[in-house]
Amino acid sequence: MITTRTGYLLAAIQTEAGPITTHRAEELLATSPFSHHRNSARKSLRTLTRTGQLIAHDDGGRRTYSLGAAA
């Protein structure tokens, strides 16, 4: 059982194909029992990036995320 918003988001991202945006993370969190506001999604994405679970990419002024080596 996943007990944190960040853990839930990571598990959801692992089932996704392609890059993840903040908007997509917000949509994934909408099906969770956790807060799914945009700022909450951003915080979770930053945490996952800081811990090496995700890698941030800046593509033409748009930030996307992909799974990192630690995932």
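Calculation criteria
Residues numbered from 1 in each chain as written. Predicted model: local features only at pLDDT ≥ 70, side-chain atom pairs only at ≥ 80, totals over all residues. Heavy atoms only, no water. Helix = DSSP H or I, 4+ residues; strand = E, 2+ residues; numbered from the N terminus. Rg over C-alpha atoms; globule rule 2.2 N^0.38 Å. Buried < 20%, exposed > 50% of the residue type's maximum accessible area, 1.4 Å probe, protein only. Contact = heavy atoms within 4.5 Å. Core = buried A, V, L, I, M, F, W, Y, C linked by side-chain atoms within 4.5 Å. Arc of directions from axis to C-beta. Expected span 1.5 Å × (residues − 1). Axes fitted to C-alpha atoms, helices over the stretch in contact; angles between N-to-C directions. Parallel < 35°, antiparallel > 145°, perpendicular 65-115°, else oblique. Nonpolar A, V, L, I, M, F, W, Y, C, P; charged D, E, K, R; others polar.

**Describing the overall build of the protein chain**
Here comes step 1: For the protein chain, the helix and strand inventory stands at three helices and two strands.
Here comes step 2: The helix and strand sequence of the protein chain, counted from the amino end, reads α-α-α-β-β.
Here comes step 3: On C-alpha atoms alone, the protein chain measures out to a radius of gyration of 11 Å, which is about the 11 Å that the 2.2 N^0.38 rule sets for 71 residues.
Here comes step 4: Projected onto its principal axes, the C-alpha coordinates of the protein chain cover approximately 35 × 25 × 20 Å.
Here comes step 5: The burial tally for the protein chain puts 31% of its 71 residues in the buried class.
Here comes step 6: Residue pairs at least 24 apart in sequence account for 38% of intrachain contacts in the protein chain once pairs closer than 6 positions are excluded.

**Quick word on the nonpolar core**
Here comes step 1: If you look at the biggest cluster of nonpolar residues, it comprises 13 residues, and the most contacted ones within it are Leu9, Ile13, Ala25, Leu45 and Leu54.
Here comes step 2: Contributions of two or more residues to this core are made by α1 (5–13), α2 (22–29) and α3 (38–50).
Here comes step 3: Once residues lying within four places of it in the same chain are set aside, the contact partners of Ala25 are Leu9, Ile20, Ala41 and Leu45.

**Quick word on α2**
Here comes step 1: Of all the residues in α2, the buried ones are Thr22, Ala25, Leu28 and Leu29. Mapping the buried residues of α2 onto a view down its axis gives an arc of 115°, with all of them on the same face.
Here comes step 2: Tucked into the core, α2 has its buried residues touching α1 and α3.

**Section: α3**
Here comes step 1: Taking 1.5 Å of rise per residue, 13 residues should cover 18 Å, and α3 covers 18 Å from first to last C-alpha, within 8% of that figure.
Here comes step 2: Structurally, α3 contributes buried residues whose contacts are with α1, α2, β1 (54–59) and β2 (62–67).
Here comes step 3: In the segment just after α3, Gly52 is the residue with positive phi, at about 85°.

**Considering the packing of α2 against α3**
Any two packed helices are characterised by how steeply their axes cross, that is the angle between the axes, and by the distance between the axes.
Here comes step 1: For the pair α2 and α3, interaxial distance at closest approach is 9 Å and the crossing angle is 105°. Put simply, α2 runs roughly perpendicular to α3. Residue-level inspection shows Thr22, His23, Ala25, Glu26 and Leu29 of α2 in contact with α3, the latter providing Arg38, Ala41, Arg42 and Leu45.
Here comes step 2: Its residues assigned to classes, the contact of α2 with α3 shows four nonpolar, two polar and three charged.

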